[in-house]
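One-letter residues, chain by chain:
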Amino acid sequence: QVQLVESGGGLVQAGDSLRLSCAASVRSFSSYGMAWFRQAPGKEREFVAAVSWSGRPTYYADSVKGRVTMSRDNDKNTAYLQMNSLKPQDTAVYYCAATRTGSSGRYSYATSYEYWGQGTLVTVSS
């Protein structure tokens, strides 16, 4: 059983930065690929970023590329999403996801991930 808990969301102004955290309760964190997705009101869930078990390579959606950095600390069983230069368009519930390393499926597809957190809300005002 894998449990994921996101934290770090909140209300910020455009241009501000936030760091989201995803704490994983899992026996072998390094056995999992990790990702962040987000879902804005009235929109479908979309891919944000993903990272391999080793921390590299990383993958980013075009909409956030250059403004966000995903990382992981396997010793702490935690994945991170550093977000800079936030825009109102970034407002969404951000979800952490995990999949077993070696699993098939595209990293940018939500259906590729077996485990999900409950989400943390990020609100960016103009």
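Before reading further, recall that the structure is shown in the block above.
Bear in mind the structure is a predicted one, so any value in this text is a computation, not a measurement.

Attention shifts here to the nonpolar core. Residues Leu-4, Met-34, Trp-36, Met-70, Leu-81, Met-83 and Tyr-94 are the most contacted members of the largest nonpolar core, which totals 36 residues. Only strand E3 (18-25), strand E4 (32-39), strand E5 (46-51), strand E7 (68-73), strand E8 (78-83), strand E9 (92-100) and strand E11 (120-125) provide two or more residues apiece to this core. If we skip the residues at most four places from it in the chain, Leu-81 touches Leu-18, Arg-19, Leu-20, Trp-36, Val-48, Ala-49, Val-68, Thr-69, Met-70 and Tyr-94.

This brings us to the sheet that holds strand E1 (residues 3-7). As summarised here, the arrangement of the four strands in space is E1-E3-E8-E7, forming an open sheet in which the pairing is antiparallel. At either end of the open sheet lies a strand with only one pairing partner, and these are E1 and E7. The sheet shows a mean angle of 15° between the axes of neighbouring strands, taken without regard to direction. Taken together, the six bridges between E3 and E8 define a ladder with antiparallel strand orientation. Pairing of Cys-22 across the sheet is with Ala-79, part of E8.

On to unusual backbone geometry. For the bond running from Arg-56 to Pro-57, omega is 0°, close enough to zero to count as cis. Positive phi, normally seen in glycine, also occurs at Asn-77, with a value near 55°. With respect to the helices and strands, the residue Asn-77 is situated in the loop between E7 and E8. Even without glycine at this site, Ser-85 takes up a positive phi of about 50°.

What counts as what
- Numbering of residues starts from 1 in every chain and runs along the sequence as written.
- Only residues with pLDDT of at least 70 get local features here, since the model is predicted, and only at 80 or more are side-chain atom pairs given and counted; chain-wide, interface and lining totals rely on the full set of residues.
- Side-chain measures here rest on the full set of heavy atoms in the structure, leaving out hydrogens and waters.
- In this description, a nonpolar core means a group of buried Ala, Val, Leu, Ile, Met, Phe, Trp, Tyr and Cys residues linked to one another through side-chain atoms lying within 4.5 Å.
- For every residue, the accessible area (1.4 Å probe, protein chains only) is compared with the maximum for its type, and the residue is labelled buried under 20%, exposed over 50%, or partly exposed between those bounds.
- Secondary structure elements follow DSSP: runs of H or I of four or more residues count as helices, runs of E of two or more count as strands, with numbering from the N terminus.
- Two residues qualify as a contact provided that any one of their heavy atoms is within 4.5 Å of a heavy atom in the partner residue.
- Strand pairing follows a simple DSSP-based rule, namely that at least 2 bridges must link the two strands.
- In this analysis, axes come from line fits to C-alpha atoms, helices being fitted only over the stretch in contact, and the angle between any two N-to-C directions falls in the range 0 to 180 degrees.

Any functional reading would require information beyond the geometric quantities listed.
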